[in-house]
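Structure assessment
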Amino acid sequence: MVLADKAYSSRAIRDHLRRRGIRAVIPERADQQANRRQRGQTGGRPPAFDREAYKQRNTVERCINRLKQWRGIATRYEKTATVYLAGLHIAGIFLWSAR
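In this text the structure is predicted, and so the values were computed from the model without any measurement.

Definitions and limits used
- Residues numbered from 1 in each chain as written.
- Predicted model: local features only at pLDDT ≥ 70, side-chain atom pairs only at ≥ 80, totals over all residues.
- Heavy atoms only, no water.
- Salt bridge = Lys/Arg side-chain N within 4 Å of Asp/Glu carboxyl O.
- Helix = DSSP H or I, 4+ residues; strand = E, 2+ residues; numbered from the N terminus.
- UniProt positions renumbered as here; feature names shortened; annotations may be inferred.
- Phe/Tyr/Trp six-rings, centres within 6.5 Å; stacked < 30°, edge-to-face > 60°.
- Lys NZ or Arg CZ within 6 Å of the ring centre and 35° of its normal.
- 1 Å grid on protein atoms, 1.4 Å probe; cavity = no way out; pocket = protein on both sides within 12 Å on 5 of 7 lines; lining within 4 Å.
- Points joined across faces, edges and corners; volume = space filled by probe spheres on them.
- Nonpolar A, V, L, I, M, F, W, Y, C, P; charged D, E, K, R; others polar.
- Patch = residues over 30% accessible without salt bridge, like charges linked within 9 Å, V, L, I, M, F, W, Y side chains within 5 Å.
- Areas by Shrake-Rupley, 256 points an atom, 1.4 Å probe, with all protein chains shown as cover.
- Buried < 20%, exposed > 50% of the residue type's maximum accessible area, 1.4 Å probe, protein only.

Considerations on the pattern of salt bridges
- All told, the structure shown has 7 salt bridges when counted by the stated rule.
- Note that Glu61 is salt-bridged to Arg57, the shortest N-O span being 2.5 Å. Pair noted here: Glu61 and Arg57 are both in helix α3 (residues 51-67), with a separation of 4 residues, about one helical turn.
- Sharing partners across several salt bridges, the network here consists of Asp5, Arg57 and Glu61.

This is the structure we're talking about:
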């Protein structure tokens, strides 16, 4: 499942996720809704949207924002992926233990 904001609600992104069998929980932008309504029956039906699943996106974003408070993670200071991943693990441990 992909939880994304309205910036990622294009038809191309939704089609790509659908082809890969990934469920998309992305709200539809107001201009897309208006265009679909303007086309009438040929506009198709609105994409499915699970409001409860979308609420979980906030939890993930808050966690990412807390991780970004670590300078090495926010600036991608480490050069290798393994060192960066180790930094993520250490920051996650500190955030989890501080709860």
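A look at the UniProt feature "domain: Transposase DDE" (unreviewed entry) in the chain
- Per the UniProt record, "domain: Transposase DDE" (unreviewed entry) is annotated on residues 2-90.
- Summarising residues 2-90: 55% helix, 4% strand, and an end-to-end C-alpha distance of 26 Å.

What to know about the packing of aromatic side chains
- Tallied over the full model, the rule gives 2 aromatic pairs.
- Between Phe49 and Tyr54, the aromatic rings sit 5.4 Å apart at their centres with planes inclined by 55 degrees, giving tilted as the arrangement.
- For Arg71, the ring lying beneath its charged end belongs to Tyr77, and the centroid distance is 5.8 Å.

Quick word on the layout of surface pockets
- One number sums up the size of the largest pocket: a volume of about 570 Å³.
- Arg14, Arg18, Arg45, Pro46 and Pro47 are, among the 23 residues lining the largest pocket, the residues nearest its centre.
- Mapped by element, the contributors of at least two residues to the lining of the largest pocket are α1 (11-19), β2 (24-25) and α2 (30-38).
- The residue inventory of the lining of the largest pocket, partitioned by class, reads 8 nonpolar, 5 polar and 10 charged.
- Approximately 150 Å³ is the volume attributed to the second largest pocket.
- Taken together, Thr59, Cys63, Arg66, Leu67, Gly92, Leu95, Trp96 and Arg99 make up the lining of the second largest pocket.
- Where the lining of the second largest pocket is concerned, the elements lending two or more residues are α3 and α5 (81-97).
- Top contributing element to the lining of the second largest pocket by residue count: α3, with 4 residues.
- Residue composition of the lining of the second largest pocket, by class: 4 nonpolar, 2 polar and 2 charged.

Brief notes about a nonpolar patch on the surface
- A surface patch of nonpolar side chains, amounting to about 290 Å² of accessible area, comprises Trp70, Ile90 and Phe94.
- Relative to the assigned elements, Phe94 resides in helix α5.
- On the basis of relative accessible area, Phe94 is assigned to the partly exposed category, the value being 48%.

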